[in-house]
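# What the coordinates show
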Amino acid sequence: MPSLFRRKSTDLVDEAVSSVTPEETADRSRGYTPAKGRETPKRPTAGRRPAGPTRPLTKEEERERRRQLRAEAASEFRREGGPRDRGPERLLARNVVDSRRTVGTWFFGGALVVLIGSNGAMPPLVRLISNVLWGALALGVIVDSVLICRKISKLVRERFPKSDVRPGSLYLYAVMRSITFRRMRAPAPQVKLGDKV
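A few points on the structure. (Residues numbered from 1 in each chain as written. Predicted model: local features only at pLDDT ≥ 70, side-chain atom pairs only at ≥ 80, totals over all residues. Heavy atoms only, no water.)

### Observations regarding the packing of helix 5 (residues 107–117) against helix 6 (residues 124–159)
Contact geometry of helix 5 with helix 6 gives a least axis separation of 8 Å together with a crossing angle of 160°. With respect to helix 6, the element helix 5 is oriented roughly antiparallel. The interaxial crossing formed by helix 5 with helix 6 has left-handed handedness. Counted together, Phe 107, Gly 110, Ala 111, Val 113, Val 114 and Gly 117 of helix 5 and Val 126, Arg 127, Ser 130, Leu 133, Trp 134, Leu 137, Ala 138 and Val 141 of helix 6 form the full contact between these two elements. Per-class residue counts for the contact of helix 5 with helix 6 are 10 nonpolar, 3 polar and 1 charged. (Axes fitted to C-alpha atoms, helices over the stretch in contact; angles between N-to-C directions. Helix = DSSP H or I, 4+ residues; strand = E, 2+ residues; numbered from the N terminus. Parallel < 35°, antiparallel > 145°, perpendicular 65-115°, else oblique. Left-handed = near helix turned anticlockwise from the far one by under 90°. Contact = heavy atoms within 4.5 Å. Nonpolar A, V, L, I, M, F, W, Y, C, P; charged D, E, K, R; others polar.)

See the structure below:
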């Protein structure tokens, strides 16, 4: 008994040899798969993820890979900074601080001298000098911070009149940078000492 749903082999041959007009190819969707008899096109290799390691890494290799990733992340942070360092106002504040010598860079060194000098075993004259030095450093940092904040405020008003950055956060950012040693600042300084900002 012949099957009702089977197609004759002659129909299949006719369908495979039937020609396709350009109008039909334009009407087809992008997901259309060509009939057998044509070679399947290769996928482009650009943009594909590289294959992972074929064998599992040893503990030493894994440790070395982690150390290398940390070093790359640290150098990128040193070069570009983090999310809090982004924005033209922050760049301006960094350049203002980096273009001048600040009292804040001497603050921690002076604090160490004061800590040693104020020890009870030291003579009274040394303790007095260390206390005076501490007061002078604190006063110097305050005056320097006020001058930096005034300069930043003036430059931001001139260059970014429509800025929506809160001045207080910008001032704190600049003061914290001013008490950090120049070589330890991140992002790294982009201006030299004495450069005009």
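### Examining the pattern of salt bridges
In this structure the tally under the stated criterion is 6 salt bridges. Across the pair Arg 185 and Asp 98 runs a salt bridge, and its minimum N-O distance is 2.8 Å. Highlighted residues: Arg 185 in the segment after helix 7 (167–178) and Asp 98 in helix 4 (residues 88–98), separated in sequence by 87 residues. Judged by its relative accessible area of 3%, Arg 185 is buried. With a closest N to O distance of 3.1 Å, Asp 144 and Arg 100 form a salt bridge. Placement of Asp 144 in helix 6 and of Arg 100 in the loop between helix 4 and helix 5 is noted, with a sequence separation of 44 residues between them. The exposure class of Asp 144 is buried, given its relative accessible area of 8%. (Salt bridge = Lys/Arg side-chain N within 4 Å of Asp/Glu carboxyl O. Buried < 20%, exposed > 50% of the residue type's maximum accessible area, 1.4 Å probe, protein only.)

Honestly, that's just the spatial picture; any functional story needs more than this.
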